[in-house]
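Fold and contact review
Given next are the chains, with one letter for each unit.
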Amino acid sequence: MKRLIRGFSLFLGVILLLMLLIVASCFVFKATILKKAESNLAKKLGTEIKTADLDLDPFTHFPYFTLAFEDLEIKGSQKQQFIQAKYVEILIHPLSAIQEEVDISTFILNEGKVFLSKAGDKWNFDFSDIGADNNASSKEIVLSDLRLNNIAL
């Protein structure tokens, strides 16, 4: 019985240590992770993304990692203005790094504008033909919840 308890304690200890290492890496490699997230998102969408500040927080919406942008601007698929927001939060499942798809639990836009325009038969939010021809990551993006707070269309 003691052996079983010791084995279970060791297992819990290893899991706790792994969780602490993941959280610590968020703080140690924060700048690198944030630059990579911004460039990968821009590459995946095939557009330009500008932001005043980026933040990564593993605690605010636990168990999800929160990627927060301040003064975010995203160009649409025809390089026209698409999203402009004072504050944006993206809640990402932590296991997305090792899965085939990026699981975005919630995308929250606060205090901003969404510009919708159509050129010919294509809307500026239609990024469907981008990912295949720009050598972007092959991961699919799955969005479960979209929240718009004080947004003008």
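Residues numbered from 1 in each chain as written. Predicted model: local features only at pLDDT ≥ 70, side-chain atom pairs only at ≥ 80, totals over all residues. Heavy atoms only, no water.

The subject of this paragraph is the nonpolar core. Grouped together as the largest cluster of nonpolar side chains are 19 residues, with contacts concentrated most on Phe69, Ile83, Val88, Ile90 and Leu109. Listing elements by their share of this core, those giving two or more residues are helix 2 (30-45), strand 2 (53-57), strand 3 (65-75), strand 4 (81-92) and strand 5 (101-114). Setting aside residues no more than four positions away along its own chain, Phe69 makes contact with Thr51, Asp53, Leu54, Lys86, Tyr87, Val88 and Ile90. (Core = buried A, V, L, I, M, F, W, Y, C linked by side-chain atoms within 4.5 Å. Buried < 20%, exposed > 50% of the residue type's maximum accessible area, 1.4 Å probe, protein only. Helix = DSSP H or I, 4+ residues; strand = E, 2+ residues; numbered from the N terminus. Contact = heavy atoms within 4.5 Å.)

When pLDDT is averaged across the chain, the result is 77; 85% of the residues are at 70 or more. Mean pLDDT in the chain bottoms out at strand 7 (residues 122-123), which sits at 70, and peaks at strand 4, which reaches 86. Scored below 50 in pLDDT, residues 131-136 makes eight contacts in the model with residues more than four places away or belonging to other chains. (pLDDT = per-residue confidence, 0-100.)

For the rest of this paragraph, the subject is the side chain of Thr66. Position of Thr66 among the secondary structure elements: in strand 3. With near-sequence residues (within four places) excluded, Thr66 lies in contact with Asp55, Leu56, Asp57, Thr60, His61, Glu89, Ile90 and Leu91.

Within the secondary structure, Asn110 is located in strand 5. Of the residues examined, Asn110 reaches a relative accessible area of 16% and is grouped as buried. Looking at Asn110, its side chain comes within polar contact range of the side chain of Asn149, at 2.7 Å. For Asn110, the contacting residues outside a window of four places in its chain are Ala85, Lys86, Tyr87, Asn149 and Ile151. (Polar contact = N/O pair within 3.5 Å; in protein donor to acceptor, adjacent residues only side chain to side chain.)

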